[in-house]
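A structural walkthrough
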Amino acid sequence: MTIEDHDKIPEDAEKEEELLILPPPQGVYLLPLTRRPFFPGMAAPVMIEQGPFYEVLKMVASSSSKYLGLVLTREEQVDIYKLKPKDVYKVGVLARILRIVPAGEGGAQVVLNMEQRFTAGRITKKEGLLFAPITPYREGSEKVDEQLKAYSINIITTIRELLKLNPLFKEELQVFLGHSDFTEPGKLADFAVALTTASREELQEVLETFNLQDRIDKALMLLRKELDLTKLQNTIHQKIEATISKSQKEYFLREQLRTIKKELGIEKEDKQVDIEKFEGRLEKREVPADVLDVIHEELDKLQTLEVMSAEYSVCRNYLDWLTIVPWGIFSEESRSLSQAQKVLEEDHYGLKDIKERILEFISVGKLTGGVKGSIIGLVGPPGVGKTSIGKSIARALNRQFYRFSVGGMRDEVEIKGHRRTYIGSMPGKLIQALKYCQTMNPVIMLDEVDKMGSSYQGDPASALLEVLDPEQNREFLDHYLDVRCDLSNVLFIVTANVLDTIPEPLKDRMEILRLSGYVLEEKVQIAKRYLIPRNRKAMGIKATQVSFSDKALEALINGYARESGVRSLENYIKKILRKVAMKLVKGLVAKKPSKSRPHKALINLDALEEYVGKPIFTSDRFYESTPVGVATGLAWTSLGGATLYIETNRTSADTTAMKLTGQVGNVMKESADIAWSYLHSHLRSYAPGRSFFKKSHVHVHIPEGATPKDGPSAGITMVCALLSLLLDQPVMPDLGMTGELTLTGRILGIGGLKEKLIAAKRSDLKVLIFPKENQRDYDELPAYLKEGITVHFVEHFDEVFHIAFEHE
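To start, this report covers the structure provided alongside it. (Residues numbered from 1 in each chain as written. Predicted model: local features only at pLDDT ≥ 70, side-chain atom pairs only at ≥ 80, totals over all residues. Heavy atoms only, no water.)

Across its full length, the protein holds 28 helices and 27 strands. Burial statistics for the protein: of 808 residues in total, 47% are counted as buried. Here the protein displays about 41200 Å² of accessible surface, and carbon together with sulfur accounts for 51% of that area. (Helix = DSSP H or I, 4+ residues; strand = E, 2+ residues; numbered from the N terminus. Buried < 20%, exposed > 50% of the residue type's maximum accessible area, 1.4 Å probe, protein only. Areas by Shrake-Rupley, 256 points an atom, 1.4 Å probe, with all protein chains shown as cover.)

Let's shift gears to the pairing of strand β22 (residues 696-701). Only one face of β22 is buried, namely the one carrying S696, V698 and V700, since none of H697, H699 and H701 on the opposite face is buried. Bridging between strand β21 (residues 657-661) and β22 involves 5 bridges; their strand directions are parallel. Of the residues in β22, the one forming a bridge with M658 is V698. (Pairing = 2+ DSSP bridges.)

P703 connects to E704 through a cis peptide bond whose omega is 0°. Looking at where E704 falls in the secondary structure, it is placed in the loop between β22 and α24 (715-727). For E448, which is not a glycine, the phi torsion comes out positive at approximately 55°. Its location among the elements puts E448 in the loop between β12 (443-447) and α16 (460-467). One non-glycine residue, D764, adopts positive backbone phi at about 60°. Structurally, D764 can be placed in the loop between α25 (753-762) and β26 (767-771).

Under the counting rule described, the total for this entry stands at 24 salt bridges. Between E205 and K218 there is a salt bridge; the shortest N-O distance is 3.3 Å. A residue pair is termed long-range when its members are at least 10 positions apart, and E205 in helix α6 (residues 200-207) and K218 in helix α7 (residues 212-264) qualify at 13 residues. Its salt-bridge partner being E609, residue K614 comes within 3.2 Å of it at the nearest N-O pair. For E609, a relative accessible area of 39% puts it in the partly exposed group. Residues joined in a network through salt bridges with shared partners are E346, D347 and R395. (Salt bridge = Lys/Arg side-chain N within 4 Å of Asp/Glu carboxyl O.)

On the surface, L229, L232, I236, I240 and I244 cluster together into a nonpolar patch covering about 430 Å² of accessible area. One can find I236 in helix α7. (Patch = residues over 30% accessible without salt bridge, like charges linked within 9 Å, V, L, I, M, F, W, Y side chains within 5 Å.)

Written out as structure tokens, the structure is:
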């Protein structure tokens, strides 16, 4: 059962004749209220559901007194069927039943007239409901003095202010005037409190205040709080209303302006504007016939749709993409070899083989009418200029350039687009590239192709197979456009750090060009020609205010930035220039010549540590003179070349065994086993009269231990280290070697020869041993890389033995 109180009473309840208040009975049933208490002088309907309360109400209504008590529960959220005497307040209001009107589902609406306050005596349970004797309180026993009159006038004034702000109070005031008189301060106070939205506890406090002076004082305070709250609500409402009114006014004015423009022919409907825009684009393009049929079909469909419909938006977006693709628009290529060579020389230093290959592309394009069906793969360590070379190629060919990274891409829709059934669908990156470049023959760079991922959503590497195949990409099908698009005129450039993670089918479609990195001389020239001027201008420093010496640049490269590329070198140059800029701002470097302050910040060997701190690298060499049991190898990594030391020692044991450490991979473990077996089987050739590590445990270690290592090219180095330990003789000083060894002693070719040669020069190795198969790679290297190094090309380990151990 629920009990609800209503502010508005039926009209016929107001017509009830006012009966004389009879003395209350010795006891009355108590009807609990949960929301807020009633006050004397009010008439209100109460909804009663079928149940114990309804039965008691019918019984009371049939009695002569027709009285019951209304009391407020102490807690708002309670079960009124399980109330205990302590769960209700003692002070309530005595109500007389005027009428019971049956309602649906067996309940009724009871119209009550609130008569007097009362104080309940001992509350008990009777027929399951609360029952108690009461002591009524009659109004009018106190004398009305001037102070009470002043309070009454103040309350009336406040009510009038409330009426101006909230017309809803007007109806309640009329009800009150029909039942009461403003000359009675007690009733006026009760009415004023009933108008407010005060809490149930505050209202109960007023109900329990029998002293008229205290009651009217509390009533006025609650009424003033209600007035302040109403004023605040009214202010908020006015602000919102002003904003809405302004927006509505602007909307109506825009609609009127649009209507006037349409009548005068100045402006057209949105649909017509869209259609004319699409048709205007088609006039500037040579659209294939099959695509044109789709566009016309969609235009016819668009004309039948309502502008406000969701399908109109989908159709419009589809047409927008279909017509914005630059069908038949091509950039005019530059086929001048001299111009292309000039651009490449301006942008990059060195990279002779790369530049020659690009000039070959341009030469073929000049003979055939354009560079078509070409996919160039640039592979090299970070910072060697793969991305900037792509931009230079586009500039040399006078083509538009678009780059996007596929590193970490896991969804094929990034390449081939979403299907139009999805919300927010759009074409793939290749169609977006055509839109951005507005030409069908741009240079598109796919960066970091070796770092693509795959997931349950698809494999983007497989999606690229169609894109990078000259025989297939002339009919590339994007899922969103759903029409064939010719990508055969696009020059694709793919960049990667390593080739191992690129799928073989994808690798087969590229022409691989390797960027091995730069040696010291090249880095010095790159710093002087490109890095220093570019960053100096970016930081607002003039050429006359800073100067780098060649020795300082060489020390910076050798001691701080040894990687294959120039990214770290550029970061250090930025760091130096920032410190120079701070000195300029502080006045430590004069902007004009002066005797007291230097005119230019000179970056030389002595000043280098001041700007960048102590060197990070001192030497790649672990040993100035190679000890017994150690051989120097050469390794290739994704960051370039590096020297690799093979260290060995022996300890006495009951058996002969070998242990390998240094976080080596499976291939390198097999190389160590091959080296062990080969030396054991050819012991008489290289160490006659000696036993093979009899009763010794041999430990082979490859520093640095935290760096993973793998590959077969350390085979001959491992044999030399073991042989040095066995003979108790060091290998030739300043000797480095690389090569894969077989069980028969044959030496196979290796990869990354240029990187390994650069690492050898950096470590100041004078003599190198390379496989005979790599001589053709060595011959193609520039002369300055070969200066100061003696290279031996070998086919069998016998030749290595003679170089390494018979050098005296």
